[in-house]
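Listed here are the chains, written in short residue letters.
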Amino acid sequence: MIQNEIFDFWKFLAGIGLFLWGMHQLETAIKELGGKSFRHLLQRFTDTAWKGILVGTLITAILQSSSLVTLMVLAFLGAGVINLKNAIGVILGANLGTTVTAWIVATLGFKMSVAAFSMPFLGLGSLLFLFASSRPLLRNIGAFSVGFGLLFLGLDFMKTAIEAVADQIDLSEFHAYGLWIYLVIGLVITALIQSSSAMVVIILSAMSAGVIELTEGAVLIIGANIGTTVTVGIGSLNGPADKKRLALAHFLFNVITGLLVFSVITPLIDLTMSIFFISDPLMELVLLNTIINLIGIILFFPFIPRLEIWLKKRFAKFEPKGISVYTKNVSPQVPEAAIAALEKDIHLAFEKTIEFMINVWNVGESDKENISIWRKILQQPYDLGGQYKEIKLLEDELTKYHILVQEENLSIVEAQKLTSLMLALRTMVYGAKDLKDVMHNINDMEDEEDKLVREFYNELKGFTFDFLKKIREYILQEKFPQEIPDWIGENGKHYKKFISELYQKIKVKPMEFPVSTLTNVIKQVVSGMDNLGSAVIHWKHQKKDVIDIG
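Residues numbered from 1 in each chain as written. Predicted model: local features only at pLDDT ≥ 70, side-chain atom pairs only at ≥ 80, totals over all residues. Heavy atoms only, no water.

**Topic: the overall build of the chain**
The condition is simple: Strands here are runs of E lasting at least two residues and helices are runs of H or I lasting at least four, both read from the DSSP assignment and numbered beginning at the N terminus. Buried means the residue's accessible area, taken with a 1.4 Å probe over protein chains only, is under 20% of the maximum for its type, while exposed means over 50%, and partly exposed covers the values in between. Should any heavy atoms of two residues lie within 4.5 Å, those residues are counted as being in contact. Every accessible area reported is derived by Shrake-Rupley at a probe size of 1.4 Å, with residue values counting cover from the shown protein chains alone.
Secondary structure assignment for the chain yields 23 helices and zero strands. The buried share of the chain, reckoned over its 550 residues, is 49%. Taking the contacts inside the chain whose residues are at least 6 apart along the sequence as the reference set, 79% of them involve residues at least 24 apart. For the chain, the exposed area adds up to about 26,900 Å²; of that, 61% sits on carbon and sulfur atoms.

**Let's talk about the nonpolar core**
What counts, and what does not: The definition of a nonpolar core used throughout is a set of buried Ala, Val, Leu, Ile, Met, Phe, Trp, Tyr and Cys residues joined through side-chain atoms within 4.5 Å.
Within the largest apolar cluster, 92 residues are counted, with the highest numbers of intra-cluster contacts made by Ile88, Leu246, Phe350 and Met445. A per-element tally of this core places helix H16 (residues 335–362) first, with 13 residues. By size, the runner-up hydrophobic cluster in this structure holds 50 residues, among which are Leu183, Ala206, Ile221 and Ile278.

**Side note on the environment of Gly223**
Turning to its location among the elements, Gly223 is positioned in helix H11 (residues 214–236). Assessed through its relative accessible area of 0%, Gly223 is described here as buried. Through-space distance from the C-alpha of Gly223 to that of Gly258 is 7.4 Å; in sequence the pair is 35 residues apart.

**Overview of the packing of aromatic side chains**
Where we set the bar: By convention, a stacked pair of Phe, Tyr or Trp rings (six-membered ring in the case of Trp) has centres within 6.5 Å and planes under 30 degrees apart, an edge-to-face pair has planes over 60 apart, and any other such pair is tilted. Ring-over charges, as used throughout, are those where CZ of Arg or NZ of Lys falls within 6 Å of the ring centre and within 35 degrees of the ring normal.
As enumerated under the stated definition, the model contains eleven aromatic pairs in all. The structure contains a cluster of three or more aromatic residues connected by ring pairs, namely Phe121, Phe144 and Phe148. Seen from the ring of Phe157, Lys11 lies directly overhead, with NZ or CZ sitting 5.8 Å from the centre.

**Side note on helix H14 (residues 281–300)**
Inclusion rule: By definition here, a helix of n residues has an expected span of 1.5 Å times n minus one. Think of a polar contact as two N or O atoms within 3.5 Å of one another; within protein, one of them needs to be a possible hydrogen donor and the other a possible acceptor, and neighboring residues in sequence only count if both atoms come from side chains.
The end-to-end C-alpha separation of H14 is 28 Å, in line with the 28 Å expected for 20 residues at 1.5 Å each. Judged by how many residues are buried, H14 sits mostly within the fold: 15 of 20 residues are covered. Regarding H14, its N-cap is Asp280, as a side-chain oxygen of that residue lies 3.0 Å from the backbone nitrogen of Leu282 further along.

**Topic: the packing of helix H21 (residues 451–475) against helix H23 (residues 515–541)**
Which entries qualify depends on this criterion: The convention used is that axes are lines fitted to C-alpha atoms, helices contributing only their stretch in contact, and that angles between N-to-C directions extend from 0 to 180 degrees. Should an angle fall under 35 degrees it is called roughly parallel, over 145 degrees roughly antiparallel, and 65 to 115 degrees roughly perpendicular, with every other angle called oblique. Note on residue classes: Ala, Val, Leu, Ile, Met, Phe, Trp, Tyr, Cys and Pro are nonpolar, Asp, Glu, Lys and Arg are charged, and everything else, Gly too, is polar.
At a minimum axis separation of 11 Å, H21 and H23 run at an interaxial angle of 0°. Relative to H23, H21 is oriented roughly parallel. When H21 is examined against H23, the residues Phe456, Leu460, Phe463, Thr464, Phe467, Leu468, Ile471, Tyr474 and Ile475 are found in contact with a partner set consisting of Leu518, Val521, Ile522, Val525, Val526, Met529, Leu532, Gly533, Val536, Trp539, Lys540 and His541. Grouping the constituent residues of the contact of H21 with H23 by class yields 17 nonpolar, three polar and one charged.

**Structural notes on the environment of Ile358**
By secondary structure assignment, the location of Ile358 is in helix H16. Overall, Ile358 belongs to the partly exposed group, its relative accessible area being 24%. Between the alpha carbons of Ile358 and Phe465 there is a distance of 7.3 Å; along the sequence they are 107 residues apart. Leave out the neighbours within four places in its chain, and Ile358 touches Phe465, Leu468 and Arg472.

**A short note on the packing of helix H12 (residues 241–263) against helix H15 (residues 304–312)**
Rule in force here: The crossing is said to be left-handed when, going from far helix to near helix, the turn is anticlockwise and less than a right angle, and right-handed when the turn is clockwise.
One can describe the packing of H12 onto H15 by two numbers: an axis separation of 10 Å at closest approach and a directional angle of 135°. Taken together, the axes of H12 and H15 lie oblique to each other. As H12 runs across H15, the sense of the crossing is right-handed. The segment H12 lies against H15, with Arg245, Leu248, Ala249 and Leu252 engaging Leu307, Trp310, Leu311 and Lys312. Classifying every residue of the contact of H12 with H15 gives six nonpolar, no polar and two charged.

**Focus: the environment of Asp437**
Tracing the backbone through its elements, the reader meets Asp437 in the loop between helix H19 (412–436) and helix H20 (439–447). Since its relative accessible area comes to 29%, Asp437 is described here as partly exposed. Note: C-alpha distance between Asp437 and Val521 (84 residues apart in sequence) is 9.0 Å. In terms of polar contacts, Asp437 uses its side chain to reach the side chain of Lys433, at 2.9 Å.

**Some details on helix H18 (residues 384–406)**
For H18, which comprises 23 residues, the first-to-last C-alpha distance of 33 Å matches the rise-based estimate of 33 Å (1.5 Å per residue) to within 8%. Turning to H18, its buried residues are Leu384, Gln387, Tyr388, Ile391, Leu394, Glu395, Leu398, Tyr401, His402 and Val405.

**What about a nonpolar patch on the surface?**
As a reminder, the rule being used: Exposure above 30% relative accessible area and the absence of a salt bridge qualify a residue for a patch, where like charges join within 9 Å and nonpolar side chains (Val, Leu, Ile, Met, Phe, Trp, Tyr) within 5 Å. Any carboxyl oxygen of Asp or Glu that lies within 4 Å of a side-chain nitrogen of Lys or Arg is treated as forming a salt bridge with it.
A contiguous nonpolar patch, built from Phe174, Tyr177, Trp180, Val184, Val188 and Leu192 and spanning about 600 Å² of accessible area, is present on the exposed surface. Here the element with the most residues in the nonpolar patch is helix H9 (residues 180–193); it accounts for four residues. Here Val184 shows up in helix H9. Here Val184 falls in the partly exposed class, since its relative accessible area comes to 36%.

**Digging into the side chain of Glu308**
Along the chain, Glu308 falls in helix H15. Ignoring any residue separated from it by four or fewer positions in sequence, one finds Glu308 in contact with Asn83, Leu84, Lys85 and Ile88.

**A closer look at the pattern of salt bridges**
Using the criterion set out here, one finds eleven salt bridges in the structure. Close ionic contact of Glu395 with Lys392 constitutes a salt bridge, the shortest N to O distance being 3.0 Å. Remark: Lys392 and Glu395 occur in helix H18; sequence separation between them is three residues, near one turn of the helix. Here Lys470 makes a salt bridge to Glu490, at a shortest N to O gap of 3.2 Å.

This is the structure:
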């Protein structure tokens, strides 16, 4: 009767599908329940490579998703929050963290009636998910329970499908090719189903049914570890340079570790069995899976700094295009990293704005008495139009990015900070525009022979440079005072002083230079400093209301 059993392919395939769907549900639910906490953990405790390994192991073990951890790592790497060396550490740790799935399955999945075990999770979880939809916590707990139940129901389908035909399967023909054939099988199947966890369950099911022995199972595990690099590699094809670098690091780690362990697999099995006194081949297999990844980490850890240097020289042509430095490398799907990247690029916009404002006054600067006429002709002027255009392009880039970040699930604090940063950017660009609109007048004032015009030119230039120095020193502080500086009030006094002095002096001695032009320059220069000051207040004091600069 057993000989007439036909392998139920569709049941086996349904098992793989349910297992993968369960893994996806678990990942989504845990992400919603504690995703922010894990991102904070990743952001705060990855200042060294070994800490990165520990954090990567912990987060992956809990989230049960190395792909989610990789996404977070890429986001923080692009934002400049962690460097490539520590990101590699997290990826190595994530490899170790994925082995926890095998431990759970081997401990629970083959010691009891798996289908019966999954039913309470599926029943209660489904009810919670459907009838507690208005309460996110209960809904996500329901989703978690459903995912857990689906995972074990899928395991039961795979296990029973294989057990039904176990007696008919004869793999003795494969032995003639050597163990490497199992390495290839593990690699190919994992690459096709795109989940090393699902492949490990298939291997455990086959071992439980007596289809394969421990050695073949261990080699299949090595093949599965190498096969996961195909999934990561495909995912990096259209990705930025950092994603390709991490994918290459992942590939090198799994391939080199896998081939080294494969060359000594039989002695390694004998050694672990003698040291740990394990009689259950399933537990021995999951232990080997963990040991293989530990061996890889021990081998690679001393070479991580050199690997970082080597990887940074690769994929330079795939660096994202754009004026921004950080946001173009960061996925908006990780809000903490996205906002950190946005703030750094706003600092870049601030530096470009200050440089533009300085160059507006220095565009015609030269030692007019001591410079030859030929040097004056050949001297390259600042491209003020190009500089302003670059500021506007950067503003456009960051505004588009901000819209994408807004679509994510933000906390109140994150939403407020995002609003403040964008107000800072907008008022900063207003400040640059204030000076751009009168830069031709400022150039005319510099070339003017009238002493009164030259006097106001020097006063306005000094006022601008003093304010820029003050504001630069302010943002370099480590701690900002609670009291918001009244720069607009101070600048208002300067404005009144400039206008009063101008009208008093032209009463005594009229000038040919248009008074309306000079008053407009004074107004625009002061307004530019007001806007720049307002930008810093929005940025550093998280002020989310528009500041009235009068």
